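What the coordinates show
Residues per chain are reported as follows:
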Amino acid sequence: RLDCIKFDATYYGTDKTQSAILYNNGPEPVCFVAILNEDATGQELGVDLTQSTSAILASKSKPSPLENGQMNDLTSLVTAIPNQGMLGPYEKVPIFFRFSPRWHGPRQGFKQLDNTPPRQDFALFMQIKVVGASQGFAPDEDSEDHEKSNVEDGSCLEVALTGTALPVLINL
């Protein structure tokens, strides 16, 4: 059972990797694909969760990202390796989740402002889905969360991914 992968604090420009084991507990081979859910309920994208709610809402009305810089695309922020494949009967395969925050500074003509990137917290959801005609990732019958599989029928496994992007600040 896999609930949450915690990347903790990661500096911009670095990668942090966590691993898990993907297991086919059935006698039939299964094909799978990992999909980042970009509009899941409860996800947080680039918000500083150490601030108050009013401060977060006030920061949303600031100038456009072209003036302040911007994060890398969501699809390159969190990746699963391998993101697709086939599991043979009762086969176990390692799957690696990578968190790669990048900050692209602002560019305005010949002038570039070097502002420090903001702290940004992320809570994302990735689904590992069974593809084709298969029973899926069925949980053990004795498992407490037998009702939570499909996420209902075992054809999908949902993983929460949390991490914080921090700037590297050096004073000389």
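Structural notes, computed from the coordinates. This structure is a prediction, so every number in the text was calculated from the model and none was measured. (Residues numbered from 1 in each chain as written. Predicted model: local features only at pLDDT ≥ 70, side-chain atom pairs only at ≥ 80, totals over all residues. Heavy atoms only, no water.)

**Details of the overall build of the protein**
The helix and strand tally for the protein stands at three helices and eleven strands. Counting only residues that meet the buried cut, the protein has 35% of its 172 residues in that class. Across the protein, contacts joining residues at least 24 apart in sequence account for 83% of those joining residues at least 6 apart. Counting every atom, the protein has about 10900 Å² of accessible surface; 52% of that belongs to carbon and sulfur. (Helix = DSSP H or I, 4+ residues; strand = E, 2+ residues; numbered from the N terminus. Buried < 20%, exposed > 50% of the residue type's maximum accessible area, 1.4 Å probe, protein only. Contact = heavy atoms within 4.5 Å. Areas by Shrake-Rupley, 256 points an atom, 1.4 Å probe, with all protein chains shown as cover.)

**Digging into the sheet that holds strand β8 (residues 92-99)**
Across the sheet, which stays open at both edges, the three strands sit in the order β2-β8-β6 with antiparallel pairing between neighbours. Sheet topology places β2 (16-23) and β6 (78-81) at the edges, where each strand pairs with a single neighbour. Adjacent strand axes in the sheet meet at a mean angle of 25° when their direction is disregarded. Here β2 pairs with β8 via eight bridges, running antiparallel. (Pairing = 2+ DSSP bridges. Axes fitted to C-alpha atoms, helices over the stretch in contact; angles between N-to-C directions.)

**Points about the packing of aromatic side chains**
Throughout the structure, instances matching the rule amount to three aromatic pairs. Measuring from centroid to centroid gives 5.4 Å for Phe 7 and Phe 99, while their planes differ by 20°, and the two rings are stacked. Highlighted residues: Phe 7 in strand β1 (residues 4-11) and Phe 99 in strand β8, separated in sequence by 92 residues. Each member of the pair, Phe 7 as well as Phe 99, carries the same accessibility label: buried. Ring pairing ties together the aromatic residues Phe 7, Phe 99 and Phe 122, which thus form one cluster. The side chain of Lys 92 reaches across the aromatic face of Tyr 23, ending 5.2 Å from its centre. (Phe/Tyr/Trp six-rings, centres within 6.5 Å; stacked < 30°, edge-to-face > 60°. Lys NZ or Arg CZ within 6 Å of the ring centre and 35° of its normal.)

**Side note on the nonpolar core**
By size, the foremost hydrophobic cluster in this structure holds 26 residues, and its most contacted members are Phe 97, Met 126, Ile 128 and Leu 161. The set of elements that each furnish at least two residues to this core consists of β1, β2, β3 (30-37), α3 (74-77), β6, β8, β10 (120-131) and β11 (156-166). Ranked by residues supplied to this core, first place goes to β10 with five residues. Not counting residues within four places of it along the chain, the set of residues in contact with Met 126 comprises Ala 34, Ile 35, Leu 36, Asn 37, Val 78, Thr 79, Ala 80, Phe 97, Leu 157, Glu 158, Val 159 and Leu 161. (Core = buried A, V, L, I, M, F, W, Y, C linked by side-chain atoms within 4.5 Å.)

**With respect to the side chain of Gln 120**
Secondary-structure assignment places Gln 120 in strand β10. Within the structure, Gln 120 has its side chain in polar contact with the side chain of Tyr 12 (distance 3.2 Å). (Polar contact = N/O pair within 3.5 Å; in protein donor to acceptor, adjacent residues only side chain to side chain.)

**Here we look at the environment of Gly 163**
Counting through the fold element by element, Gly 163 comes out in strand β11. Separated by 156 residues in sequence, Gly 163 and Phe 7 place their C-alpha atoms 4.7 Å apart. Those residues in contact with Gly 163 that lie beyond four places of it in its chain are Phe 7, Asp 8, Phe 99, Gln 120, Asp 121 and Phe 122.

**Re the environment of Ala 34**
Note that Ala 34 resides in strand β3. Classification of Ala 34 as buried rests on a relative accessible area of 15%. Taking the C-alpha atoms as reference points, Ala 34 and Leu 157, separated by 123 residues in sequence, lie 9.2 Å from one another. With residues near it in sequence (within four places) discarded, Ala 34 still touches Ala 80, Asn 83, Met 126, Gln 127 and Ile 128.

**Some points on the pattern of salt bridges**
With the rule as written, the count across this model stands at two salt bridges. Between Arg 102 and Asp 15 there is a salt bridge whose closest N-O contact spans 2.7 Å. Linking Arg 102 in the loop between β8 and β9 (103-104) with Asp 15 in the loop between β1 and β2, this pair joins segments that are 87 residues apart in sequence. On the basis of relative accessible area, Arg 102 is assigned to the partly exposed category, the value being 26%. For Arg 119, the salt bridge is made with Asp 121, and the minimal N-O distance between the two is 3.1 Å. Classification of Asp 121 by relative accessible area gives buried; the value is 4%. (Salt bridge = Lys/Arg side-chain N within 4 Å of Asp/Glu carboxyl O.)

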